[in-house]
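Given next are the chains, with one letter for each unit.
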Amino acid sequence: MMIQDSVGATAFNFGLVVIDMQNGFVSKDGSYDHLGMNIKEYQRIIPKIKELITFCRAKNIPIFYTEAVREASGVDLLTRFHRLLPLAREERLKVPITVRGTWDAQTIDEIKPVDNDLIVIKRRDGAFQDTELRVWLQSEGINTLVFCGIDTSICVETSLREAFNIGYDVILVSDCTASGNKRHYETTLERVRDYYGLVLDTERFYKLINSLEDLKLGKMDGNELDRRYEKFLNEFRLIDVRKK
């Protein structure tokens, strides 16, 4: 979906990235559930992510799902590479988690990918490291990425930072992401607002997309356009790139 901005020179082409909403992390009887980890915060955002995906499909915004996988052999376990591992990682080594080809590794049924969606298989926290994602985004002409999923402060934030650092504009949908640690969740939202891009809830995101559609369809005159643009810049403390 290509939408021209207020000066007609910059186009926003959106893609939605759904991070690691897999049975092993989110579902009852998944790996995290068996480990006794608190998955309630992850489960709480499922309806909102489902709503966001439905909206994006209706707007022809491409959807990319990441699935974090491991090999049953353990060849890609962190302990094969690292000597300095925080204890917070220890419980993830007790049982095989999201092993490739298993139910545990699959995206949950509530938001299951459809034929036109793409699944990015990743081995580490970031969605771009050693994956096809960047090639696929380039082939679709996407330059603005919308992030949701889990865990906010780990895989979501890592993927968002990677995207920013290779030139993508980024948006984090605040009520479609969750962390097992509330403080970490809030810190990520603050960091994204201050240094990387936009933090919006779903309703504000829908309003943004609908406003850009109105602009594309010529439903705003120049004065209304300038007024809305200035308000938008002030709301999110953004640099006016038209003046740079």
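All values reported here derive from a predicted model rather than from experimental measurement.

Caption draft 1: Region of the structure containing the overall build of the protein chain. Within the protein chain, the secondary structure is distributed over nine helices and seven strands. Buried positions account for 47% of the 244 residues belonging to the protein chain. Partitioning the contacts of the protein chain with sequence separation of at least 6, the portion at a separation of at least 24 is 73%. As presented, the protein chain carries roughly 12,900 Å² of accessible surface, and 51% of it is formed by carbon and sulfur atoms.

Caption draft 2: Representation of the side chain of Ser 174 in the model. If you trace the backbone, Ser 174 turns up in strand S6 (residues 169-178). Here Ser 174 falls in the buried class, since its relative accessible area comes to 14%. Setting aside its immediate chain neighbours within four residues, Ser 174 contacts Tyr 185, Leu 189, Val 199, Leu 200 and Asp 201.

Caption draft 3: How the structure looks around the packing of helix H6 (residues 152-165) against helix H7 (residues 182-195). With their axes 10 Å apart at the nearest point, H6 and H7 run at an angle of 15 degrees to one another. In terms of axis orientation, H6 runs roughly parallel to H7. Our pair here, H6 against H7, has a crossing hand that is left-handed. Contact with H6, carried on its side by Thr 152, Ser 153, Glu 157, Leu 160, Arg 161 and Phe 164, involves His 184, Tyr 185, Thr 188, Leu 189, Arg 191, Val 192 and Tyr 195 of H7 and no other residues of that element.

Caption draft 4: Structural detail: the pairing of S6. Summarising burial for S6: eight of the 10 residues are buried, a large majority. Summarising the sheet, strand S5 (residues 144-150) and S6 pair through six bridges and their orientation is parallel. Within S6, the residue paired with Val 146 across the bridge is Ile 171. At this point the chain moves from S5, through H6, to the parallel S6, and the crossover so formed is right-handed. Chirality of the crossover, the property in question, places the unit of S6, H7 and strand S7 (residues 198-200) among those that are right-handed.

Thresholds applied
Residues numbered from 1 in each chain as written. Predicted model: local features only at pLDDT ≥ 70, side-chain atom pairs only at ≥ 80, totals over all residues. Heavy atoms only, no water. Helix = DSSP H or I, 4+ residues; strand = E, 2+ residues; numbered from the N terminus. Buried < 20%, exposed > 50% of the residue type's maximum accessible area, 1.4 Å probe, protein only. Contact = heavy atoms within 4.5 Å. Areas by Shrake-Rupley, 256 points an atom, 1.4 Å probe, with all protein chains shown as cover. Axes fitted to C-alpha atoms, helices over the stretch in contact; angles between N-to-C directions. Parallel < 35°, antiparallel > 145°, perpendicular 65-115°, else oblique. Left-handed = near helix turned anticlockwise from the far one by under 90°. Pairing = 2+ DSSP bridges. Right-handed = clockwise from strand over helix to strand, strands pointing away.

Shape is all these values report; function is a separate question.
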